[in-house]
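Residue-level listing of the chains:
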Amino acid sequence: MKVGLVLEGGAMRGMYTAGVLDSFMDHGVDADGIVGVSAGACFGCNLFSGQRGRVLRYNQRFAGDPRNVSIRSLITTGDIVNREFAYYVVPTKYDVFDEAAFEAHGGEYWVVVTNVETGEAEYMQMHHLLADIEMMRASASMPFCSKFVPIDGRNYLDGGIADSIPVMRALEMGYDKVIVVLTQPLSYRKKPMNKALIRAFYRKYPNLCKTLEERHARYNAQVEEVIRLEKEGKIFVIRPDEPLDIKRLEKDPAELARVHGIGLADGNACMEALKAYLAR
């Protein structure tokens, strides 16, 4: 039996996901593969490296640090999340990522990215996390406040643009059991984005514009599909009961801890049911 884990994005709503994953580590729940989107792609790797609490720790430490996430970075580099500091300095110097443990785990680690030319989702496997870090950065490069991320001659942005909840992809990959961690409550449905804003930013990329304009409809259809699969017992879903009410780029360490705590509590609360699902 192969267990797959699908992790939705949502910027700092991802602290909820980090809390859920910390509960997994507390209870010995693991996966054979992870398919992560945006913040889910950034935070999910810590399950494979076994670094409980790392996501909360470094996000709290650098929440207000202008070297990490800031308007200054957006103005000077074109990326609101600073490439060098967030993706190269923090995981190698200030809160070292255990790549040896990640590789020894042996699980498949997939991140979702959006090709800006085609407007379609692509799925990249990270074999060596630090060496392949640009894949993760592409998956989490939010539109309107990030430059395109070049990989192998093609340009990419946030994977959530084209495939926010890659459940069907995980099933197609052959995972027998799929655990889905969402960062929005059951009632949430996405609204259309401003077409004028989309065209102002990306008029040279018509396929990307079309995908952004249709994102709400695609996302809402995915939510309905998740509900159907959950009712049929084919997947196991963990989601917050209420909106998390956290800023996308939250800088208050207490707020980060609050949302992480909700995820940790929800993970603990569903553990018996989750283990029963995995045992079936």
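Residues numbered from 1 in each chain as written. Predicted model: local features only at pLDDT ≥ 70, side-chain atom pairs only at ≥ 80, totals over all residues. Heavy atoms only, no water.

Trainee: Would you mind going over the pattern of salt bridges with me for this structure?
Mentor: Oppositely charged side chains can form a pair if their charged atoms are brought close together. Taken as a whole and assessed by the stated rule, the structure comprises 17 salt bridges. Between Glu134 and Arg83 there is a salt bridge, with its nearest N and O atoms 3.4 Å apart. Within this pair, whereas Glu134 is found in helix 7 (residues 133-139), its partner Arg83 is found in helix 5 (residues 83-94), the two being separated by 51 residues in sequence. Its relative accessible area of 16% is what places Glu134 among the buried residues. Of the charged contacts, one joins Arg228 and Glu232 as a salt bridge, the two residues approaching to 2.9 Å between their closest N and O atoms. The network of salt bridges with common partners includes Asp79, Arg83, Glu84, Glu134 and Arg137. (Salt bridge = Lys/Arg side-chain N within 4 Å of Asp/Glu carboxyl O. Helix = DSSP H or I, 4+ residues; strand = E, 2+ residues; numbered from the N terminus. Buried < 20%, exposed > 50% of the residue type's maximum accessible area, 1.4 Å probe, protein only.)

Trainee: What am I meant to see in helix 11 (residues 215-231) here?
Mentor: An α-helical turn contains 3.6 residues, so any two residues separated by three or four positions project in the same direction. Its 17 residues give helix 11 an end-to-end C-alpha distance of 24 Å, which sits within 8% of 24 Å, the value for a rise of 1.5 Å per residue. Restricting attention to buried positions, one finds in helix 11 the residues Arg215, Tyr219, Asn220, Gln222, Val223, Val226, Ile227 and Leu229. Contacts from the buried residues of helix 11 go to helix 8 (167-172), helix 10 (206-213) and strand 8 (235-238). (Expected span 1.5 Å × (residues − 1). Contact = heavy atoms within 4.5 Å.)

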